[in-house]
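# Descriptive structure summary
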Amino acid sequence: MAENGKKNPAVDNDGWTPVWEGKPKKTGGYLVTRVNPKMTTAAFFEDGKWWSDALHERMWPSYMIIAWKPMPAPYVGNAATFVPDVDLKLAMKVLKQREKDIERYEYIMKQVWDVNVSADEDFQRVFTAFYRVRRDEEWRKIYFEMFEKVKQNPQSRFDRTLEELSVRVGTLEPSFVSKMLATVDINEPIWDANVLAMLGLKPCKKSGKYRPDDVYDCYNTINHWYYEFKKLPVAKKWIKAFDRALPEHQDISATKKIDFILWAAGSSQSKSKGMSR
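Now for a quick tour of the structure.

What counts, and where the lines are drawn
Residues numbered from 1 in each chain as written. Predicted model: local features only at pLDDT ≥ 70, side-chain atom pairs only at ≥ 80, totals over all residues. Heavy atoms only, no water. Helix = DSSP H or I, 4+ residues; strand = E, 2+ residues; numbered from the N terminus. Buried < 20%, exposed > 50% of the residue type's maximum accessible area, 1.4 Å probe, protein only. Pairing = 2+ DSSP bridges. Polar contact = N/O pair within 3.5 Å; in protein donor to acceptor, adjacent residues only side chain to side chain. Core = buried A, V, L, I, M, F, W, Y, C linked by side-chain atoms within 4.5 Å. Contact = heavy atoms within 4.5 Å. Expected span 1.5 Å × (residues − 1). Salt bridge = Lys/Arg side-chain N within 4 Å of Asp/Glu carboxyl O.

## Let's talk about unusual backbone geometry
If you check the backbone angles, D47 has positive phi at about 55° while not being a glycine. For D47, the position within the fold is in the loop between β3 (39-46) and β4 (49-51). Phi is positive for R132, which is not a glycine, with a value near 55°. Note that R132 resides in the loop between α3 (121-130) and α4 (137-151). For R132, a relative accessible area of 31% corresponds to the partly exposed category.

Right, dumping it as structure tokens:
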């Protein structure tokens, strides 16, 4: 206690919370200080216990952790510091070979505003084939009902749409929600395995399932990357290459042209077959 009766200022622990002062209130990954040996590392907290990771491969005894603090925000950086390694010539070759699929994409983008997507079987057939929607009839019924609802409200947010679909079908579907939103808003990016790989993104899974917070963070990172990347000269180079190789499709949005190029580059690297999105 100070002489004037006021408490001394709290010690600045640089964001660290000693475990005797309390445990995290939320499940998730944290930075921790552990003993034997004393070091800073990452750990996963859930149900009052510390684990080596989100898969619960190894539980750490309580005495091992002496302090914790939230993980720092993931590095987003500036697109100027990260340009994917794309063989542009090869990517254009792949896309020219798949030009029929690009035409299917343009059909989808035109028809979405001309039909009721919850009822139009032709639209649903082309969309499910192009984006490989391998789900049962009841799932597709719910999905296209939501699709029409989102179409009527173009300002629909990714997180809320993902949550609503998850409640109705029982699973998190970030890829298909992103494709729904990107059909309604040409500036929205698509969550695609090839694109994620090209951007070096790998959201964490627990027991083979995505965690909502990890999905939101990853989608926001994708969005931010597109926003920054489109400012760069290399983005303009990609778009010009697309327009030269596929002059009949110049009206496609810049975001989608970049998406196609990332997909084609990732597809050729992984030796994928077909326009699997």
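## Structural notes on the sheet that holds strand β2 (residues 28-34)
One open sheet accounts for six strands, arranged β1-β6-β2-β3-β4-β5; its pairing is antiparallel. Sheet topology places β1 (17-18) and β5 (59-60) at the edges, where each strand pairs with a single neighbour.

## A closer look at the environment of S253
In this fold, S253 is placed in the loop between α9 (233-245) and α10 (254-270). Its relative accessible area of 11% is what places S253 among the buried residues. As a C-alpha pair, S253 and I186 span 67 residues in sequence and 6.2 Å in three-dimensional space. Here the side chain of S253 touches I186 through a polar contact of 3.1 Å, landing on its backbone oxygen.

## Examining the nonpolar core
Counting 63 residues, the largest nonpolar core has L95, F147 and L262 as its most contacted members. Once residues lying within four places of it in the same chain are set aside, the contact partners of L95 are I102, F242, L246, F260, I261, W263 and A264. Core analysis: the second largest hydrophobic core is formed by nine residues, W50, W60, I65 and W68 among them.

## Topic: helix α2 (residues 99-111)
An ideal rise of 1.5 Å per residue puts 18 Å on 13 residues; α2 measures up with 18 Å between its terminal C-alpha atoms. Looking only at α2, the buried set comprises D101, I102, Y105, I108, M109 and Q111.

## Focus: the pairing of strand β6 (residues 65-70)
Strand direction decides the pairing type here: β1 and β6, joined by two bridges, are antiparallel. Across the sheet, residue T17 finds its bridge partner in β6, namely W68. Sheet topology places β2 next to β6; five bridges connect them, and they run antiparallel. Counted as the bridge partner of R34 is I65 from β6.

## Overview of the pattern of salt bridges
Inspection of every chain in the model, using the stated rule, returns 15 salt bridges. One salt bridge in this structure joins E145 and K141, with 2.7 Å as the shortest N-O distance. Of the two residues, E145 and K141 are both situated in helix α4; the distance of four residues between them amounts to about one turn of the helix. Judged by relative accessible area, which is 30%, E145 ranks as partly exposed. Given the relative accessible area of 47%, K141 is considered partly exposed. One salt bridge in this structure joins R157 and D159, with 2.5 Å as the shortest N-O distance. Accessibility expressed as a relative area gives 42% for R157, which makes it partly exposed. Through salt bridges that share partners, R98, D101 and R104 make up one connected network.

## Side note on the pairing of β2
β2 sits mainly inside the fold: five of its seven residues count as buried. With seven bridges joining them, β2 and β3 adopt antiparallel strand pairing. Paired with T33 across the bridge in β3 is T40. Between the antiparallel neighbours β2 and β3 lie four residues, among them N36 with a positive phi of about 50°.

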